[in-house]
Amino acid sequence: MATVNRNMFGASITQPPGGAQLMVLPLNLIAEIVSHVDDTGDLARLCQTCRVLNYMALPQLYRSLTLTSYDKIRYRGEQPEGIGSASPFTMGLNAIITRSYGTLIRSITLKGEWKEHEVEEHARVGRVPDSSMLLNIAARAAIDRMTNLESFHWELNTKMLDTVYSGLTQLPKLTSLTVRFPSSRHPQPTFVIPGMPHLRCLKITDIDPLCYPDDIATLLYKSRKLRDLRLHWSPRMRDAHEPSVSLHNYFRKLIAAKQPLMVQKMSFQNLYAFHTEEFNFAFDPTTVEDVTFLTGVEGSSLVNTFVESSWPTVPPHVKLRMKSVRMDAVSKRNAEFIGNFSGLEKLYLVNVTADSNDLLNSPRPGGGAALSALTPPTSEHQLSGAPSGATVNSPITSASPASQINATASIRDIYLSHITTNHGATLRHLLLPSKWPLSTGMVARLVHSCPNLEQLALATEFSSMDSLALLIPFLRKLKALRLLIPQSSGQSSNGPGGSALKTWQSARERTAFDTFQKVQEIFANAKTLAEVVDIDDSILSEMLSYDLGNQQVYGNVRIISMGWKAWELRGFYKAPIPTEINEGSPTPTNGVNASPKTTTDGPVPIQGSNGVTAADQPAVAHTSIDTQTTHISSWSNPPGTRLGVPQSTLGKRSRDQDDSDTPRPPPSCPPTFNRREDCEDPTAFYPGCYPYTMSEDGFVWRRHVRRVGWEALQHWEVWSLDAQEI
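Residues numbered from 1 in each chain as written. Predicted model: local features only at pLDDT ≥ 70, side-chain atom pairs only at ≥ 80, totals over all residues. Heavy atoms only, no water.

Describing the overall build of the protein chain
Step number 1: Looking only at helices and strands, the protein chain features 22 helices and 21 strands.
Step number 2: Put simply, 76% of the contacts in the protein chain that link residues at least 6 apart link residues at least 24 apart.
Step number 3: With an accessible surface of roughly 33,900 Å², the protein chain has 52% of that area assigned to carbon and sulfur atoms. (Helix = DSSP H or I, 4+ residues; strand = E, 2+ residues; numbered from the N terminus. Contact = heavy atoms within 4.5 Å. Areas by Shrake-Rupley, 256 points an atom, 1.4 Å probe, with all protein chains shown as cover.)

This is the structure we're talking about:
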């Protein structure tokens, strides 16, 4: 660690004449503040501020290091990167080797493209290019200086040589290793990767037998503490229908010694190989808790059925402890595998595959609104390696669209049956495919069978949105809700994504009456969830603010999304009742014989479910409808029900357990729009008439809502695990 001046903490810190500064705080408090700084640039600037902040921020700056190599010179404006010295990649390695920062590094990642010269000429004479050899020598020198290294990632496109492997075996604290094999067909020397006894996580990517990968059998055999194994094969073999992978080569030493791996998490991607009975002796099935199988295709074509059918659907051991399953291919065989055991806590059916990109449901950078139309669903029998539109010449692929829809619905029903029957009582996370739009009855059965759900992602029929409002409140532990746009949906050219939405965006320049006439037209034309999501953010945020204002029902929900848009839900607060546009329209009542207050005072902050008052919450930008003329419709209740308490579809009590006679408005759901029951057209929308929850003092409950992106969603599994990544 860098040398610390002995007089650093002995110097007196006084308040400067210009006012209070950070350094007047106690040093332990300053260290706590610095520990929450994540941005690399901010940490580097803190290190340059003063000696105290340099001492505190330097270990955090070098704790996790990522060096990226580029095959071309990059420019920042008119200045090339590394002007006056070398590339940032090599200068980073130089800093580790020549300075005293190596002991601070806990994790290092070397990734990118390393440019090799005259590869073919060196391959003909059996030599490694000098540039690659010098890279490995520099990496080995850096490894020798990083004595406290815990995680090493080699993600370069060039081969890692034996000199680096031997250096890693000497690290006593190394617990995580990631190796990317090259995809070059030029002959390269192969090595037997030595064992690393302290290794707990191993990830190998781009495995291809024709690209000279190293032998990992010894590494697997001697890593007795390994608990997380992730193997990724090149998709070339599956695309070319080439079953060239032999699992016996990887696990032969474990099978021969009869010492199976006791891993807890096992992830396979693009595996295309025959199953043999020996594979059952490579792992101890009773220790596996997390399984991931990603194939990159939606279904198995007839060409590779002989490979896929060799894998059993019945688990080899009855005493399974499997808690999490993640897969992207939905088929009858996979559904049977789910139904042969019980006790799952997490089930993720990945939507995005290599053949079907569900961008309208992807909040990741580059997805979402950038796509103007939905991608048509891909046939489950399309060849994974064939060009677009090429299918197998068989009667199945020439089936009518109706038969394909029936086959998809049949598989969906099998999955839902196994989920509700075998895993409903224990399931906490559930991600369903967007090509399965669930009806009201299906959602009701799912909610009834899985009461402990904390994160839920599903697609539902647009006509079932109103019923969804009555079902979601029964999930008392729900924290994250993701509503997917069905793949069969489409966007109308006259919908909100067209000129109607652009016209509404200038609604502030109109009168209040014209404004809500235009909003009413937009909602009336919406026929799919895709069109609703395309509505202006200010309208959707305003709807959510009112819809989720019932603290007893939605107090645990923290984040919600529709399609590619997502909102973070914060504290609750009180606000005046919006002014009515029609004098004759009925006014909602809260059951108290007192006229509601319609003052123009500001919102009244209260303490939310997270213990933070609304006044402490960050300001949220909304299109203020409180100050506009708004129409409010009355609540309607089915005959024979208590006012304000919704009739339970599931036969259960409402989440509101208060037995008092004080009526409450029914809970609502974000995509539910208020309708006038006394109108001649029962399907007509009345935008701006947001269902809300009345308080006993005449105000309405609202909630702070903030639009968020991937920076917030990546911490929730139903979003982050919906990808082709292991």
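Now that the structure is up, let's keep going.
Here we look at the nonpolar core
Step number 1: Grouped together as the largest cluster of nonpolar side chains are 133 residues, with contacts concentrated most on Phe152 and Phe251.
Step number 2: Leaving out residues up to four positions away in the same chain, Phe152 has contacts with Ile108, Leu110, Ile143, Met160, Val164, Leu168, Leu174, Ser176, Leu177 and Thr178.
Step number 3: One finds Ala457, Ala566, Trp716 and Trp719 within the second-largest nonpolar core, a separate group that totals 13 residues. (Core = buried A, V, L, I, M, F, W, Y, C linked by side-chain atoms within 4.5 Å. Buried < 20%, exposed > 50% of the residue type's maximum accessible area, 1.4 Å probe, protein only.)

Here's the deal with a nonpolar patch on the surface
Step number 1: Together, Val24, Leu25, Leu29 and Ile33 make up an exposed nonpolar region whose accessible area comes to about 290 Å².
Step number 2: Following the sequence through the fold, Ile33 ends up in helix 1 (residues 27-35).
Step number 3: You can call Ile33 partly exposed: its relative accessible area is 41%. (Patch = residues over 30% accessible without salt bridge, like charges linked within 9 Å, V, L, I, M, F, W, Y side chains within 5 Å. Salt bridge = Lys/Arg side-chain N within 4 Å of Asp/Glu carboxyl O.)

Thoughts on the packing of aromatic side chains
Step number 1: If you walk through the whole model with that rule in mind, you get 12 aromatic pairs.
Step number 2: Here the aromatic rings of Trp233 and Phe268 are separated by 5.7 Å at their centres, their planes lie at 80°, and the arrangement is edge-to-face. Taken as a pair, Trp233 in strand 8 (residues 228-233) and Phe268 in strand 9 (residues 265-269) lie far apart in primary sequence, 35 residues in all. Just as Trp233 is buried, Phe268 falls in that class too.
Step number 3: On the numbers, 5.3 Å between centres and 50° between planes, the contact of Tyr415 with Trp436 is tilted. With Tyr415 in helix 13 (residues 401-423) and Trp436 in the loop between strand 13 (429-431) and strand 14 (437-438), this pair connects stretches of sequence that are 21 residues apart. Of the two residues, Tyr415 and Trp436, neither departs from the other in class, the shared state being buried. (Phe/Tyr/Trp six-rings, centres within 6.5 Å; stacked < 30°, edge-to-face > 60°.)

Points about the packing of helix 2 (residues 40-47) against helix 3 (residues 51-61)
Step number 1: With their axes 8 Å apart at the nearest point, helix 2 and helix 3 run at an angle of 150° to one another. Classified by the interaxial angle, the pair formed by helix 2 and helix 3 is roughly antiparallel. Crossing hand, helix 2 versus helix 3: left-handed. Residues Thr40, Leu43, Ala44, Leu46 and Cys47 of helix 2 form the contact with helix 3, whose participating residues are Leu53, Asn54, Ala57, Leu58, Gln60 and Leu61.
Step number 2: Across the contact of helix 2 with helix 3, the residue classes tally to eight nonpolar, three polar and no charged. (Axes fitted to C-alpha atoms, helices over the stretch in contact; angles between N-to-C directions. Parallel < 35°, antiparallel > 145°, perpendicular 65-115°, else oblique. Left-handed = near helix turned anticlockwise from the far one by under 90°. Nonpolar A, V, L, I, M, F, W, Y, C, P; charged D, E, K, R; others polar.)

Topic: the environment of Ala459
Step number 1: For Ala459, the location among the structural elements is in strand 15 (residues 455-460).
Step number 2: The spatial distance from the C-alpha of Ala459 to the C-alpha of Leu484 is 4.5 Å, given a sequence separation of 25 residues.
Step number 3: Not counting the four nearest positions on each side in its chain, Ala459 is found in contact with Pro433, Ser434, Trp436, Pro437, Leu438, Leu484 and Pro486.

Observations regarding the pattern of salt bridges
Step number 1: Counted by the stated rule, this structure contains 23 salt bridges.
Step number 2: The salt bridge partner of Arg364 is Glu725, with a shortest N-O separation of 3.8 Å. One end of the pair, Arg364, is in the loop between strand 12 (346-349) and helix 13; the other, Glu725, is in the segment after helix 22 (717-720), with 361 residues separating them in the sequence.
Step number 3: Given the relative accessible area of 47%, Glu725 is considered partly exposed.
Step number 4: Taken together, the shared-partner salt bridges in this structure form one network comprising Arg74, Arg76 and Glu81.

Some words on helix 2
Step number 1: Taken as a whole, helix 2 has its buried residues at Leu43, Leu46 and Cys47. All buried residues of helix 2 lie within an arc of 100° about the axis, which places them on one face of the element.
Step number 2: Turning to helix 2, the residues buried within the fold contact helix 1 and helix 3. (Arc of directions from axis to C-beta.)

Focus on the packing of helix 1 against helix 3
Step number 1: Running from amino to carboxyl end, helix 1 crosses helix 3 at an angle of 40°, the nearest separation of the two axes being 10 Å. Two packed elements cross with a definite hand, and for helix 1 against helix 3 that hand is right-handed. Along its contact with helix 1, which presents Leu27, Ile30, Ala31, Val34 and Ser35, the element helix 3 presents Val52, Leu53, Met56, Ala57 and Gln60.
Step number 2: Counted by class, the contact of helix 1 with helix 3 contains eight nonpolar, two polar and no charged residues.

Some remarks on the environment of Val245
Step number 1: Among the structural elements, Val245 can be located in the loop between helix 9 (236-239) and helix 10 (247-257).
Step number 2: Judged by its relative accessible area of 6%, Val245 is buried.
Step number 3: Sequence spacing of Val245 and Tyr272 is 27 residues, and the spatial spacing of their C-alpha atoms is 6.7 Å.
Step number 4: Excluding anything up to four places from it in sequence, Val245 contacts Trp233, Met237, Tyr250, Leu271, Tyr272 and Ala273.

Some remarks on the layout of surface pockets
Step number 1: The volume enclosed by the second largest pocket comes to roughly 1,100 Å³.
Step number 2: Contributing to the lining of the second largest pocket are 40 residues, with Leu67, Ser87, Pro88, Phe89 and Gly92 lying nearest its centre.
Step number 3: At the level of secondary structure, the elements contributing two or more residues to the lining of the second largest pocket comprise helix 2, helix 3, strand 1 (64-69) and helix 4 (88-98).
Step number 4: Split by residue class, the lining of the second largest pocket holds 17 nonpolar, 14 polar and nine charged.
Step number 5: Lining the lining of the second largest pocket are residues from two domains, each supplying at least three of them: domain 1 (24-62) and domain 2 (64-72 + 82-349). (1 Å grid on protein atoms, 1.4 Å probe; cavity = no way out; pocket = protein on both sides within 12 Å on 5 of 7 lines; lining within 4 Å. Points joined across faces, edges and corners; volume = space filled by probe spheres on them. Domains from an automatic or database assignment.)

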